[in-house]
Amino acid sequence: GSVPATQWRMTDAPQPQGPLGTRLTDLGITVLERGWLSANSIVMRADAGSLVVDTGYATHANQTRALIRQALEGRPLERLVNTHLHSDHCGGNAALLDAWPRARVGIPPGQASAVRDWDPVALTYVPTGQFCPRFDYDELIRPGDRLHVGLLHWDVHAAPGHDPHAIVLHEPDRRILISGDALWNNGFGVVFPELDGIDAFKEVADTLDLIEALAPSIVIPGHGSAFQGAEVAAALVRARSRLLQFQDNPAKHRWHALKVLVKFKMLELQRVEREELQAWFDSSDYFIRIARIDRPLSPSEVLDSLLKDLERAQALSIERNWILNH
């Protein structure tokens, strides 16, 4: 999960959809806007099938299942597709399969073996201090594929950058893009390969170029509200500006990523004692390894600095020995 600082205070609950939501509903699409701990879920209804794209974080799984059941309006769930396998996008997979055991799960091919063998380290859940209940897949959703849901036909495109294996879905006739974390209204997700020393900012730029070339009239992002028309061009301008800042100052991106990972945990926990949060932070060398690229600090000093920055951004508060989410 990746949270832009300007949107840290969004709630983790379904949001009203407004006129754009009504327009999508007329096409059989319901966008369940979830906030930042859980990615949005996109529900598509059709007489000849139904599809859900992305399933949120595990702690919201019961709510996700109830919302999807309501959105399906009595239809069974037949297919489930993940844009990528970060925990906030696939954490509800197992719960949905419990409810609809005949549903077929489709994932991008890059981490198929890690899912089949269930390797939570390779899937990033252990290094990032997150969790995801085990699930398996039935099919691989590859770039170049086309998914059919009623009258809608979704083309699959590779969208590396934030995640090297990510995909986006584009409906060319109606020019609707399901962008995952490749493009939000105010940026894009943390570029995780960069944290491992892999040059991926160029891939972010290429994915933004792809989105511009697809010329969507509506974008349904992985987090935040769907947007349309002139907002799409403006979002691309903001994303490219943000990317240039990170390219010019990779250390800024690394520190931003660490703040995002701590804030994500606070969204999950809501309140936690300082010692417990430190124990969580210390349980993975991933955080310290990233921090020490730029700052020779102890784990306690790193977390102190992160918490102070998040408090200044009003993303949390520190009250004696308690850390409280905002």
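Rules behind the numbers
Each chain carries its own residue numbering, running from 1 in the direction its sequence is written. Thresholds applied to this predicted model are a pLDDT of at least 70 for local features of residues and 80 or more for the giving and counting of side-chain atom pairs; totals over whole chains, interfaces and linings are not thresholded and use all residues. Only hydrogens and water are set aside when side-chain values are computed; all heavy atoms of the structure are taken into account. Counting from the N terminus, the helices are the DSSP runs of H or I reaching at least four residues and the strands are the DSSP runs of E reaching at least two. The quantity called the radius of gyration is restricted to C-alpha atoms. Its globule counterpart is 2.2 Å times the number of residues to the power 0.38. Exposure is judged per residue with a 1.4 Å probe applied to protein chains only, and the accessible area is read against the type maximum: over 50% gives exposed, under 20% gives buried, and values in between give partly exposed. A residue's pLDDT is the predictor's confidence in that residue, given on a scale from 0 to 100. Any two residues having at least one pair of non-hydrogen atoms within 4.5 Å are treated as being in contact. Here the nonpolar core consists of buried residues drawn from Ala, Val, Leu, Ile, Met, Phe, Trp, Tyr and Cys, with membership extended through side-chain atoms lying within 4.5 Å. Any pair of Phe, Tyr and Trp rings, taking the six-membered ring for Trp, is counted once the centres come within 6.5 Å. Such a pair is stacked with planes under 30 degrees apart, edge-to-face with planes over 60 apart, and tilted for the rest. The way it works is a 1 Å grid over only the protein atoms, where trapped points that fit a 1.4 Å probe form a cavity and open points with protein on both sides within 12 Å along at least five of seven lines form a pocket, and then any residue with an atom within 4 Å of a point lines it. Grid points are joined across faces, edges and corners, and a volume is the space filled by probe spheres set on the points. Charged means Asp, Glu, Lys or Arg here, nonpolar means Ala, Val, Leu, Ile, Met, Phe, Trp, Tyr, Cys or Pro, and polar covers whatever is left, Gly included. Each pair of strands is called paired provided DSSP finds at least two bridges between the two strands. Axis lines are fitted to C-alpha atoms, over the contacting stretch for helices. Their N-to-C directions set the angle, which ranges from 0 to 180 degrees. For this analysis, a salt bridge means a side-chain nitrogen from Lys or Arg found within 4 Å of a carboxyl oxygen belonging to Asp or Glu. Read the arc as the range of directions from the helix axis to the C-beta atoms. Roughly parallel refers to an angle under 35 degrees, roughly antiparallel to one over 145, roughly perpendicular to one between 65 and 115, and oblique to any angle outside these ranges.

Draft legend 1. The overall build of the protein, seen in detail. Each helix and strand in the protein was counted, giving twelve helices and 15 strands. For a compact globule of 326 residues, the expected C-alpha radius of gyration is about 20 Å, and the protein comes in at 19 Å, within 12% of that figure. Along the first, second and third principal axes, the C-alpha atoms of the protein reach 55 × 40 × 40 Å. Put simply, the protein has 326 residues, and 56% of those count as buried.

Draft legend 2. Spatial organisation of the confidence of the model for the protein. For the protein, mean pLDDT is 93; residues scoring 70 or higher make up 95% of the total. In the model, residues 1-11 has pLDDT below 50 throughout and makes 41 contacts with residues more than four positions away in sequence or in other chains.

Draft legend 3. Spatial organisation of the nonpolar core. Within the largest apolar cluster, 27 residues are counted, with the highest numbers of intra-cluster contacts made by V262, L277 and F281. Counting only elements with at least two residues in this core, the list comes to α6 (192-195), α9 (250-269), α10 (274-282), α11 (285-291) and α12 (299-312). Examining the composition of this core, we find that seven residues originate from one element, α9, more than from any other. Discounting residues that sit within four places of it in the chain, L277 has contacts with K265, M266, V272, L303, L307 and I323. Residues I68, L80, L85 and C90 belong to the second largest nonpolar core, which totals 25 residues.

Draft legend 4. Focus on the packing of aromatic side chains. Following the criterion strictly, the structure yields ten aromatic pairs and no others. Considering the side-chain rings of W118 and Y125, the 6.1 Å spacing of their centres and the 35° angle between planes classify their relative orientation as tilted. Each member of the pair, W118 as well as Y125, is classed as buried. Between W280 and F287 the ring centres are 5.1 Å apart and the planes differ by 45°, which places this aromatic pair in the tilted class.

Draft legend 5. Looking closely at the layout of surface pockets. What the largest pocket holds in volume is close to 280 Å³. What lines the largest pocket is a set of 19 residues, and nearest its centre among them are A122, T124, F192, D196 and Y286. Listing elements by their share of the lining of the largest pocket, those giving two or more residues are α6 and α11. Taken together, the residues of the lining of the largest pocket sort by class into ten nonpolar, six polar and three charged.

Draft legend 6. Layout of the sheet that holds strand β8 (residues 152-158). Strand order in this open sheet of six strands is β7-β8-β9-β10-β11-β12, and the pairing throughout is mixed. A strand with exactly one partner marks an edge of an open sheet, and here the two such strands are β7 (146-149) and β12 (227-228). Pairing between β7 and β8: four bridges, direction antiparallel. Bridged to L147 within β8 is W154. Where helix α1 (residues 18-26) meets the sheet, it contacts β10 (176-180), β11 (218-221) and β12, and its direction lies at approximately 95° from that of β11. Where helix α7 (residues 201-214) meets the sheet, it contacts β8, β9 (167-171) and β10, and its direction lies at approximately 155° from that of β8.

Draft legend 7. Geometry of the sheet that holds strand β4 (residues 79-81). Within the open sheet, the six strands sit side by side as β1-β2-β3-β4-β5-β6. Their pairing is mixed. The sheet is open, and its two borders are formed by β1 (29-32) and β6 (139-140), each paired with just one other strand. The strands touched by helix α2 (residues 61-72) within the sheet are β1, β2 (41-46) and β3 (49-53), with β2 carrying the most contacts at an inclination of about 30°.

Draft legend 8. Expanded view of the pattern of salt bridges. Counting across every chain of the model gives 15 salt bridges. The salt bridge partner of R174 is E171, with a shortest N-O separation of 3.4 Å. By relative accessible area, R174 is classed as partly exposed at 28%. Judged by relative accessible area, which is 0%, E171 ranks as buried. Note that R254 is salt-bridged to D294, the shortest N-O span being 2.8 Å.

Draft legend 9. Here's a closer look at α10. Within α10, the full set of buried residues consists of R274, L277, Q278, W280 and F281. Along the long axis of α10, the arc covered by the buried residues comes to 160°, so they all point the same way. As for α10, its buried residues are in contact with α9, β13 (271-273), α11, α12 and β15 (322-325).

Draft legend 10. Here's a closer look at the environment of A99. Tracing the backbone shows A99 in helix α4 (residues 93-99). A sequence separation of 175 residues divides A99 from R274, and the C-alpha atoms of the two residues are 37 Å apart.

Draft legend 11. Inspection of the pairing of β7 at higher detail. Only one face of β7 is buried: it carries L147 and V149, and the other face, with R146 and H148, is open. Hairpin geometry of β7 and β8 is characterised by an intervening segment of two residues between the two adjacent antiparallel strands and by a positive phi of about 60° at G150.

Draft legend 12. Broad picture of the packing of helix α8 (residues 230-248) against α9. Two elements in contact, α8 and α9, have axes whose closest approach is 4 Å; the angle formed by their N-to-C orientations is 110°. One element, α8, and the other, α9, form an angle in the roughly perpendicular class. Side by side, α8 and α9 meet where R242, Q245, F246, Q247 and D248 of the first sit next to P250, K252, H253 and H256 of the second. Its residues placed into classes, the contact of α8 with α9 shows two nonpolar, four polar and three charged.

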